[in-house]
Amino acid sequence: MKRIYAREEYCVGCRLCEIFCVVGHSKSKDIIKTYKKEPDRPAPRVAVWEDGPLSFAFQCRHCDQPSCVEACITGALSKNEEGTVLCNEDKCVGCWTCITVCPFGAIQREEGEKKKIVKCNLCSGEPEPYCVSHCPNRAIVYEERGVE
Amino acid sequence: MWGSRKRLNRKPIEGDVRIPSGCAVSGIMNKKGKLFSGETIIQSISIMRDRSNGLGGGFAAYGIYPDYKDFYALHMFFESEENQREVELYLKENFLVEKGERIPTRKVPVILDSPIIYRYFIKPRAEICEDVCMTPDEFMVRQVMFINSSFEGAYVSSSGKNMGAFKGVGYPEDIGEFYDLESYKGYLWTAHGRFPTNTPGWWGGAHPFTLLDWSVVHNGEISSYGTNRRYLEEFEYECSLQTDTEAATYLFDMLLRRHRLPLETACQVLAPPFWEEIERMPEKEKETARALRMVYGKGLLNGPFSIILGSTNGMVAINDRIKLRPLVAAEQGDMLYVASEEAAIIEVCACPSKVWTPRAGQPVIGRLEEVDSWVSVC
Amino acid sequence: MGFSMLAPEYRVDRDKDRCIDCKVCVTQCPYDVHYFDEEEEKVFAREENCVNCHRCVVLCPTRALIIRKYPLEFRENSAWKDIDIRQLQKQAETGGILLSGMGNPKPLPVFWDKILLNASQVTNPSIDPLREPMELKTFLGRKPERLEIGCDGSLKTKISPQLELSAPVMFSAMSFGSISLNACRVLAEAAEQLGIYYNTGEGGLHQSLFKFADHTVVQVASGRFGVNSEYLKIGAGIEIKIGQGAKPGIGGHLPGEKVREEVAATRMIPLGTDAISPAPHHDIYSIEDLRQLIFALKEASDYEKPVSVKIAAVHNVAAIASGIARAGADIITIDGFRGGTGAAPTRIRDNVGIPIEFAISAVDNRLKEEGIRNQVSVVAAGSIRNSADIVKAVALGADAVYIGTAALLAMGCHLCRKCYMGKCSWGIATQQPHLVKRLNPEIGRERLVNLITGWKHEIKEILGGMGINAIDSLRGNRHMLRGVDLSSRELDILGIKAAGE
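A short note on the overall build of chain C
Then, number 1: When you go through chain C residue by residue, the secondary structure sums to 15 helices and 21 strands.
Then, number 2: For 501 residues, the compact-globule estimate of 2.2 N^0.38 gives 23 Å, and the C-alpha radius of gyration of chain C, at 24 Å, lies within 12% of that figure.
Then, number 3: Counting all 501 residues of chain C, 59% fall into the buried class.
Then, number 4: Once local pairs closer than 6 in sequence are excluded, the contacts in chain C between residues at least 24 apart make up 69%.
Then, number 5: Summed over all atoms, the accessible surface of chain C reaches about 20500 Å², with 51% contributed by carbon and sulfur.
Then, number 6: Where the 60 positive side-chain charges of chain C centre and where its 60 negative ones centre are 1 Å apart.

So, in structure tokens, the structure goes:
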């Protein structure tokens, strides 16, 4: 399947991926409105990890055998036909089990009062995930690399 | 330079400025060397009257002075008798002058303001040639350039052996009549009708342009002139007339006489194949073609032209490499015809055995039989 | 830093209606301008540090930033302009030589802009490059005076090694050390893809770039950094650097902090040491010494590579170039007074040397007069900004040009001229790992290839307009040039006529 990959050698640590991830999942999808007028804007599904000059953007790997899906107590998490691991927000009860079992730490709690998780959904519906299209240095790519 | 001298006519002439022009060209030769009268070439060029505008016409004829074939025939224009005296003094110092005479002309109402027209049959003094370590040819080349650039009101219109250029301001057929060319017999004739875009014609600026026995008639405007000229200057050719024809003549002289390139190779320098074509050539041919473009890139005549080069040994007609100017060739028996337009050939040879349009950059070579080399003296 | 009399050069205008305090500017500024105040939860700027590199402006996702010249008005004075006062203040604070990066920015005339090109109308047709072949292929190297061709058309003359270029342009010498390995990689990959050459500069050739050797000209400078026999043998050509347009008369400077592990290994010098090239080559004190070095290098490379000698355009450039040609160089490279640099003393950069336009003309004339112009190649460098400059340079007499600044601009350089600080925010003139990675060679290469591809198209259009279909016919074709706003002396030196003549 097509996945998002980080090329840490070109990550400049600007965190534009995080910023645009939020925009991509916001109501208005307009950056200024999202940040200025949406107090309940979503949390980013991607995080830049940094240690000295090393940095890279990280989000859900959409594992072939996702432990989060196995562990989900309500069936909110599932893997669809394309292989994308998605969360049905209506079913999520915020038990955080998935967060504890994810080997990568790729699942976050939603911002604010909402007791839900957030995770990368590959910006389904968009031609390319927001973090990929807005990376200024092609340090995040969305491509088919075959079996890992 | 001529242009820097005092002249009655205050308008700029060749040498002062660069004058683009369009033209008609025609060339006829007998490959066996049989002589024929100038009437034919006059007839041929006259049919292309529309391609000239009366500001320049001329002819080159080969084989016309059999009695003086060992002498350089110096055709000259003088503006005044004083100018003539100065040059004659100079000639006597440096040459053996076998004969000097006025070139016979006829009165033609439309031909006006002709200069004093003379011819001299001369040989460089051997001791002087030895002194300066030059072949007689090389010596002649330098002298012609010297006379043209240093003597006021004097201009050498041709300087080869057993050949001559007859040119002036007017339509070519009128010039032919003026010089009474019907009475000359040659085995090779070229003609030129000129359409300069500005300036009144000047007798010295009419074509053919000659150097030794090379004569060039040319139709076109070469956009690479600046490059060609600088390249020639590197080899001490002085392009005082600022015309393409002059540059083309010097290029032929340099490539054939000084660099001793085969004729086909010299033509390839002037109109080389494109790199795309070169890449597709067989290995050996490719190697030569690459080297020629590498070394002689500045000799490429870039821009529209059709040129007829006349020489003692024959003639060559060639087009630019994308054929931006017309050129037609035809054969009938021992006769070879080339001209800007087919009409100019049909006018003098109603049923040629073969008529063709040479491809861009492909020379039509008319070699006088039993001639191996194009370089008269090496 | 304590108190400084120097006012900031730039002001950072942050549009509060747009700024979302996302901190991209904070992460991206290597000069410590932007900072996030945790208490105020807002981004602020220390404007005195700003060098106007535009990194923050370009990356700001809401276009909230504008960098302006600091609106500080000195009392008007035609003799003491702002820049003079600021430079003096800086020296009064530091007691040092003023340093600068990139080329001379002073408002001296740019002669390219005073030269206009010709086009065909009526008497000869223009040629349409979309429909007809248009040739830019260029060979650099020594040419024989004449060729000997056998009657069968076979070539009898052996031609010296040549550099074959798909267009008359190459990437100038920029050393690994002065620029990052990623930047070197961009030059190498682009040169390969374009069928041209790049020049290593004086910093040797990094192992990872050996695979582009066929498109590499290796440079030998007075410091001999990174020069060994493998290096000399691997490149397509060798260049002896005598001088550089930005700093004629002095050698290259690479501060120790830029000499990290890879740079040290490539240059073959100890880690962290300053790499200071001597002002002259200490084995070249005269022209006959140059001849010896040229032939030593030819000997070392089995006479398989053309050897270029690069000099700065100085007053006597024509005579020097002629000497270089006679000393056996195959290519003469001339770098004009606007040529770029990673670091040069400001006073030298701004005051020494002559414009490349005049240098080309003078050198071309001199070599022609001596009858050797066609035997050597002349490459012009220093402030070639676009395709029209290339056309003008070739028409004045150059065989090809080198571009440095233009290539860096294509990669992302914004010409802030602080290369000597080693903190290039675009990842070009730096060795700091977190900055180097900002230049993704893949993107850099695409942009550089785009630039030259665009230029090639433009040159073809211009040639076609002139009625010429091979670049050979433009060489020294000064008839294609006319001058505007030039004195008759300047026109004479350039060998061109005034517009209207």
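Continuing now.
A word on the sheet that holds strand 12 (residues 237-241) of chain C
Then, number 1: Spatially, 9-10-11-12-15-16-18-19 (chain C) is the arrangement adopted by the eight strands of the closed barrel, whose pairing is parallel.
Then, number 2: The strands that helix 8 (residues 317-326) of chain C touches are strand 15 (307-312) and strand 16 (331-335) of chain C; relative to strand 15 of chain C, the one it contacts most, it runs at about 165 degrees.

Considerations on unusual backbone geometry
Then, number 1: Each neighbour pair has its own omega, and for His207(B) with Pro208(B) the value is 15 degrees, a cis peptide bond.
Then, number 2: Examined against the element boundaries, Pro208(B) turns out to sit in the loop between strand 10 (188-196) and strand 11 (209-211).
Then, number 3: Residue Leu122(A) is not a glycine yet carries a positive backbone phi of 60 degrees.
Then, number 4: Here Leu122(A) shows up in the loop between strand 7 (117-118) and helix 5 (130-133).
Then, number 5: With a phi close to 60 degrees, Met102(C) is a non-glycine residue in the positive phi region.
Then, number 6: Following the sequence through the fold, Met102(C) ends up in the loop between strand 5 (99-100) and strand 6 (115-117).
Then, number 7: Met102(C) gets classed as buried once you look at its relative accessible area, which sits at 4%.

A look at the pairing of strand 14 (residues 314-319) of chain B
Residues and elements named next belong to chain B.
Then, number 1: Summarising burial for strand 14: six of the six residues are buried, a large majority.
Then, number 2: Burial of strand 14 is two-sided: the residues Gly314, Val316 and Ile318 facing one way and the residues Met315, Ala317 and Asn319 facing the other way are all buried.
Then, number 3: Of the pairings in the sheet, the one linking strand 13 (residues 305-311) to strand 14 comprises six bridges and is antiparallel in character. Counterpart to serine 306 in the pairing with strand 14 is asparagine 319.
Then, number 4: Taking the residues between adjacent antiparallel strands as the criterion, strand 13 and strand 14 are bridged by two residues.

Describing the interface of chain A and chain C
Then, number 1: In this assembly, 21 residues from chain A lie in contact with 24 residues from chain C.
Then, number 2: Buried surface at the junction of chain A and chain C, summed over both partners, amounts to about 1700 Å²; 58% is from carbon and sulfur atoms.
Then, number 3: Summed over the shared surface of chain A and chain C, the number is three salt bridges.
Then, number 4: Of the charged contacts in the structure, one is a salt bridge between Arg7(A) and Glu442(C), with a shortest N-O distance of 2.7 Å.
Then, number 5: Applying the counting rule to chain A against chain C returns 13 residue pairs in polar contact (both at pLDDT 80 or more).
Then, number 6: Contributions of two or more residues to the side of chain A that touches chain C are made by helix 1 (16-24), helix 2 (31-37) and strand 3 (54-58) of chain A.
Then, number 7: Examining the composition of the side of chain A that touches chain C, we find that four residues originate from one element, helix 2 of chain A, more than from any other.
Then, number 8: Within the side of chain A that touches chain C, the residues separate by chemical class into 13 nonpolar, three polar and five charged.

Notes on the domain arrangement of chain C
Residues and elements named next belong to chain C.
Then, number 1: Each domain of chain C was delimited in the assignment, giving domain 1 (10-96) and domain 2 (138-498).
Then, number 2: Taken together, the contact pairs twelve residues of domain 1 with twelve residues of domain 2.
Then, number 3: Taking both partners together, domain 1 and domain 2 bury about 1100 Å²; carbon and sulfur atoms supply 53% of that area.
Then, number 4: In terms of surface lost to domain 2, no three residues of domain 1 exceed Pro30, Tyr31 and Arg55, which account for 45% of the buried area on that side.

Section: the interface of chain B and chain C
Then, number 1: Each partner contributes residues to the interface: chain B has 44 residues there, and chain C has 43 residues.
Then, number 2: When chain B packs against chain C, the two sides together hide about 3800 Å² of surface, and 54% of this comes from carbon and sulfur.
Then, number 3: Together, Arg230(B), Glu234(B) and Met294(B) form the three largest contributors to the area buried by chain B at its contact with chain C, with a combined 19%.
Then, number 4: The salt bridge involving Asp472(C) is made with Arg293(B); its shortest N-O contact spans 3.7 Å.
Then, number 5: Counting the contacts that link chain B with chain C gives 23 residue pairs in polar contact (both at pLDDT 80 or more).
Then, number 6: Elements with a contribution of two residues or more to the side of chain B that touches chain C: helix 6 (225-234), helix 9 (275-279) and helix 10 (283-296) of chain B.

Focus on empty space enclosed by the protein
Then, number 1: Summed over all chains, the structure comprises 17 cavities of 30 Å³ or more.
Then, number 2: Its boundaries defined by the atoms lining it, the largest cavity holds a volume of some 190 Å³.
Then, number 3: The wall of the largest cavity is formed by 18 residues, among which Met294(B), Phe139(C), Lys143(C), Asp399(C) and Arg475(C) lie closest to the centre.
Then, number 4: Of all the secondary structure elements, the ones that give two or more residues to the lining of the largest cavity are helix 10 of chain B together with strand 7 (138-140) of chain C.
Then, number 5: For the lining of the largest cavity, the residue count by class is five nonpolar, five polar and eight charged.
Then, number 6: The computed volume of the second largest cavity comes to approximately 120 Å³.

As for the pattern of salt bridges
Then, number 1: The full count for this structure, using the stated rule, is 52 salt bridges over all chains.
Then, number 2: The partner of Arg15(A) in a salt bridge is Glu50(A), with the nearest N and O atoms 3.2 Å apart. On the criterion of sequence distance, the pair formed by Arg15(A) in the loop between strand 1 (2-6) and helix 1 and Glu50(A) in strand 2 (residues 47-51) is long-range, its members being 35 residues apart.
Then, number 3: Judged by its relative accessible area of 47%, Glu50(A) is partly exposed.
Then, number 4: One salt bridge in this structure joins Glu236(B) and Arg142(B), with 3.7 Å as the shortest N-O distance. Here the residue Glu236(B) occupies a position in the loop between helix 6 and helix 7 (244-258), and Arg142(B) occupies one in helix 4 (residues 136-150), the gap between them amounting to 94 residues.
Then, number 5: The exposure class of Glu236(B) is exposed, given its relative accessible area of 56%.

What to know about the pairing of strand 13 of chain B
All names here are of chain B.
Then, number 1: Strand 13 sits mainly inside the fold: seven of its seven residues count as buried.
Then, number 2: Of the two faces of strand 13, the one lined by Phe305, Ile307, Leu309 and Ser311 and the one lined by Ser306, Ile308 and Gly310 are each fully buried.
Then, number 3: In terms of strand pairing, strand 12 (residues 214-220) meets strand 13 through six bridges, oriented antiparallel. Residue pairing across strands places serine 215 opposite glycine 310, the latter belonging to strand 13.

Comments concerning the nonpolar core
Then, number 1: The biggest cluster of nonpolar side chains holds 138 residues, and the ones touching the most others in it are Phe171(C), Ile403(C) and Ile428(C).
Then, number 2: When residues of this core are assigned to their parent elements, the largest contribution, eight residues, is made by helix 4 (residues 181-194) of chain C.
Then, number 3: The residues that make up this core include at least three from each of domain 1 (10-96) and domain 2 (138-498) of chain C.
Then, number 4: Formed by 110 residues, the second largest nonpolar core is a distinct cluster that contains Val141(B), Met254(B), Val269(B) and Leu155(C).

A short note on the sheet that holds strand 12 of chain B
All names here are of chain B.
Then, number 1: The antiparallel open sheet is built from five strands, whose spatial order is 11-12-13-14-18. Each having just a single partner strand, strand 11 and strand 18 (364-367) make up the two edges of the open sheet. Between one strand axis and the next, the sheet turns through 15 degrees on average, direction left out of account.

With respect to the environment of Leu300(B)
Then, number 1: By the element assignment, Leu300(B) lies in the loop between helix 10 and strand 13.
Then, number 2: On the basis of relative accessible area, Leu300(B) is assigned to the buried category, the value being 2%.
Then, number 3: Sequence separation between Leu300(B) and Met48(B) is 252 residues; the distance between their C-alpha atoms is 28 Å.
Then, number 4: Apart from residues lying up to four places away in sequence, Leu300(B) is in contact with Ser224(B), Asn228(B), Val269(B), Leu270(B), Pro272(B), Arg293(B), Arg321(B), Ala470(C) and Ser473(C).

Some remarks on the packing of helix 8 of chain C against helix 10 (residues 356-369) of chain C
Any two packed helices are characterised by how steeply their axes cross, that is the angle between the axes, and by the distance between the axes.
All names here are of chain C.
Then, number 1: It is the contact of helix 8 with helix 10, at a shortest axis distance of 8 Å, that shows an interaxial angle of 50 degrees. It follows from the interaxial angle that helix 8 and helix 10 lie oblique. Where helix 8 crosses over helix 10, the two elements pack in a sense that is right-handed. The segment helix 8 lies against helix 10, with Val317, Ala318, Ala319, Ala321, Ser322 and Ala325 engaging Ala359, Ala362, Val363, Arg366 and Leu367.
Then, number 2: Residue composition of the contact of helix 8 with helix 10, by class: nine nonpolar, one polar and one charged.

Cut-off values and rules
- Residues numbered from 1 in each chain as written.
- Chains lettered and ligands numbered in written order.
- Predicted model: local features only at pLDDT ≥ 70, side-chain atom pairs only at ≥ 80, totals over all residues.
- Heavy atoms only, no water.
- Helix = DSSP H or I, 4+ residues; strand = E, 2+ residues; numbered from the N terminus.
- Rg over C-alpha atoms; globule rule 2.2 N^0.38 Å.
- Buried < 20%, exposed > 50% of the residue type's maximum accessible area, 1.4 Å probe, protein only.
- Contact = heavy atoms within 4.5 Å.
- Areas by Shrake-Rupley, 256 points an atom, 1.4 Å probe, with all protein chains shown as cover.
- Lys, Arg positive; Asp, Glu negative; His and termini not counted.
- Charge placed at Lys NZ, Arg CZ, Asp CG, Glu CD.
- Pairing = 2+ DSSP bridges.
- Axes fitted to C-alpha atoms, helices over the stretch in contact; angles between N-to-C directions.
- Buried area = accessible area lost by both parts, 1.4 Å probe.
- Salt bridge = Lys/Arg side-chain N within 4 Å of Asp/Glu carboxyl O.
- Polar contact = N/O pair within 3.5 Å; in protein donor to acceptor, adjacent residues only side chain to side chain.
- Nonpolar A, V, L, I, M, F, W, Y, C, P; charged D, E, K, R; others polar.
- Domains from an automatic or database assignment.
- 1 Å grid on protein atoms, 1.4 Å probe; cavity = no way out; pocket = protein on both sides within 12 Å on 5 of 7 lines; lining within 4 Å.
- Points joined across faces, edges and corners; volume = space filled by probe spheres on them.
- Core = buried A, V, L, I, M, F, W, Y, C linked by side-chain atoms within 4.5 Å.
- Parallel < 35°, antiparallel > 145°, perpendicular 65-115°, else oblique.
- Left-handed = near helix turned anticlockwise from the far one by under 90°.

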